[in-house]
Structures are given as C-alpha cells and as structure tokens.
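Single-letter residue listing:
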Amino acid sequence: MTESVRRAAPDGDGADDEWMARVAREASADAGGVPVELLGDYLRLLTDAAVTGRRPRRSELDAVGALGRRAAEQGVSAGRVVRLYLSAARRLWRQLPHLARSTDSDTVTAAADAVLHVVDTAVATLAEGYAAARRDLVRREETLRRELIDDLLRGDSDLGGLVERAEPFGLDLARVHQVALASPSRRLPDTETAISALERVIFDRLGDRDVLVATKEGLLVVIAPADTVTTDRGAGDGGSAGDLGRMMHAELDRLARGRPWQVAVGRPHPGLYGIARSYEEAREALTTARRLRADTAVIDAHELLIYRVLLRDQPAMVDLVQAVLTPLSRARGGAEPLLDTLNEYFTCGEVATEAARRLHVSVRTVTYRLNRIRVLSGYDPADPRDRFTLHAAVLGARALDWPRQPLPT
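Let me begin by describing the structure that accompanies this report. (Residues numbered from 1 in each chain as written. Predicted model: local features only at pLDDT ≥ 70, side-chain atom pairs only at ≥ 80, totals over all residues. Heavy atoms only, no water.)

**Remarks on the packing of aromatic side chains**
- All chains considered together, the criterion is met by 2 aromatic pairs.
- On the basis of an interplanar angle of 35° and a centroid distance of 4.3 Å, the ring pair of Y42 and Y85 is categorised as tilted. One end of the pair, Y42, is in helix 3 (residues 42–52); the other, Y85, is in helix 5 (residues 78–94), and 43 residues separate them in sequence. The pair Y42 / Y85 is uniform in exposure class, with both members buried.
- For the pair Y345 and F346, a centre-to-centre distance of 5.8 Å together with 55° between the ring planes defines the contact as tilted. (Phe/Tyr/Trp six-rings, centres within 6.5 Å; stacked < 30°, edge-to-face > 60°. Helix = DSSP H or I, 4+ residues; strand = E, 2+ residues; numbered from the N terminus. Buried < 20%, exposed > 50% of the residue type's maximum accessible area, 1.4 Å probe, protein only.)

**Comments concerning the packing of helix 14 (residues 336–347) against helix 17 (residues 384–399)**
- Axis separation between helix 14 and helix 17 bottoms out at 10 Å; the angle between their running directions is 120°. You can see that helix 14 and helix 17 cross each other, and the crossing is left-handed. Where helix 14 approaches helix 17, its residues L339, L342, N343 and F346 are matched on the opposing element by R387, L390, H391, V394, A397 and R398.
- Residues that form the contact of helix 14 with helix 17 fall into these classes: 6 nonpolar, 2 polar and 2 charged. (Axes fitted to C-alpha atoms, helices over the stretch in contact; angles between N-to-C directions. Left-handed = near helix turned anticlockwise from the far one by under 90°. Contact = heavy atoms within 4.5 Å. Nonpolar A, V, L, I, M, F, W, Y, C, P; charged D, E, K, R; others polar.)

**Topic: the side chain of R91**
- The topology assignment puts R91 in helix 5.
- Look at R91 and you get buried, because its relative accessible area is 16%.
- Beyond its immediate stretch of four places on either side in the chain, R91 contacts V23, E26, A27 and D30.

By themselves, these observations are geometric and do not establish any function.
Structure follows, in structure tokens:
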C-alpha cells in the first residue's frame, strides 16, 4: 500500500472504534437485529486488508469460526449471520475515506482484492463453524430425543423430570397420545430418510408439532396426540388405527427400501403412562400379527384384543387346543389344512361357498373338511353349542402358532 493510503485510515483509536461501531450497528440492522458481537474483530480485519493488504492469520480465522458456532448455538439462522458479514463488508467499503478520494486505480484494485479475500475466507470459516455447531446440536438433540422416547415408552421414569425434558420437543404429556410402530421387511440401512419422511407428512397432515418420531429396536416409533387423528369408528371408540396408521404406511411405502412395511397402532390413552401402555399394545399387536403370519398392512391393536384375552391364561389355552384340535393331526395332510378351513369358515360368517373361494378350493372340499373336523374332534362347526369352543380353539392355535410350532409345555 502507498503511504497516502495508510494515512487515509480513520485517525486515532477512539475515532476508529466509533466508526466501526457505527458500521456494525448498521450491518446488524440490515441482518434483522443479529447481535453485533458476532462480528468480533471482522471489521478490523477488513480495515487492515484495505489499508495495508494484510491477510488474516490462522488464529484470527479460528476466532471467526468460533463466532459461527456461537451464532448456531444462539439460534441465529445461517442466512442472517452471513448477511451480517456481507452487509458489514459492503458498508465498511463505502465508508473508507481514502478509497472515495483516491484517483489511483491500482490502489483501489489492490484494496478491493485484499478486502474480498478477507470476506471470502472469513465467511467460509464462519459457515464451517456454524455447520459444525449445527451437527453437534443435531447429534445432541437426537441423543436427548432417543433417551426421552426410551423413558416414555418404558413408563417408569420420574414424571416431573419427563415433563421438563419433553417441553423442548413440544410434547404435552397432559394430552391423550397413541403410539404407532412401523416394521420394515428387512433392516433399514438409512433410518434418517424414513424418519424425515414420516415427520414431514405427519406435521403437514396433522398440523401438530406435538409429535415425536424415532427408532427403537429396529422399528420406527411415532408418538402422536390422539385428538388430532381422525378415526373411522368415531371419536368415542378409542380403538381404531385410523388415519395415523394409514398415513404412515402410505408414506413409508413410497420409500425405495423397507417395503413391504407393517404398521401397528396402539389404542389412545391419557397421561404419561398412557404412552407406555399404547406402545405395549402396538408392540404386542405387531408380534401377534407376525405369529399369525398376517400380511395386514395396518394393524389395529383394538382388533387383536381377543388374542390378549385368550393368551392371558396360556396354560388354559394350551389345554383347550390340545383337547379340541390335536385330534385333527390324525387327518391325512395333518391338522393345518383343517385349521385353515375352520378359520376362513368362521371369518366369513360360516358360509361354505365364501370359505371355498378364499381357500381356492371347491365347496365340496370345504364341506368334506368340516365333516372330518366333526368326526375327529367330536365338535360340530355347524352346531351353535360347539361353534364357540371351536372358534376359540382356532384363535388360540393361531396365536400359539400351532401346529407349525409345538404347544408350550
């Protein structure tokens, strides 16, 4: 730089500080009120570059990176903090008096080159610091979210502590919630994509931020307020998977990986312990559907309550299956074809023609099998007195996965 340029810098430390403070305030206003403290020594770096051509040292750039981290931690958007730096550079450049009076194009070009170099390196370093802090914040938030969901689903944590921890996530534990679990056909290599897809569609459709989405034991977990989910059976039934399960399945089915998905939704329950209860119902419904080899896309825990009743006293259910159905094992082909026939016969309202259609066999085959069941077991599917016993035994056999698995001892 020429001697005339050096002399053109603001005179004296007091004037220098006042001039830069004014530039900082104006740049802060341009950026929507971003704190001027986030500029640090940036204005001095620009002035030194314009006057002497000095480039910033590594320690000075590290300080700018630290300011980027501070901006992220304070919740200032990346766009606003970058605008602060660019506005400060623009305003400082226009107010450098030696450049306004200079007629030496080489002087102006050299100063501009030096200032632009500082702007380029400083803003890049600022953005790197900001991005690093955001990654740390996201990792920290994800850890806190996962720990919170684990404690909510376990249901045995301190209530006061959970309420305090749930508040930053917008979760109101006083509301009625329900839990939905989504199971992929195989392990997902990228759970973040699935979580992002679910968050996007749930927030968009339900219009409610009181939702948590995370992973647990290979499943996607959604905790949502039940009063924002429309059910098919009306507001008072408290048991339909409704929109939540179908919404989740429709969105997950768009993903390239994980199909076919199976979604189980627990019943809505109030309070903190209601979340844990709904989760247990959804998990049990998913497990029961797997044992039944059901390929239903959306499973409503309400519809599987009968299996919970049947399996609550497992020894009694084992006795019932053993007494009523094990004689069917003597049939040619084993008990399984006869059990399948009974199941479809009861499911379709005891209409042999519809059962035959579902089984892809003739009506004659169905009637033959029903007669074999009567002969081997002693229970007649057409007799109202025997029908309930046979139906309960068939449901119990499916829940116990018999005859594919031996009965528990």
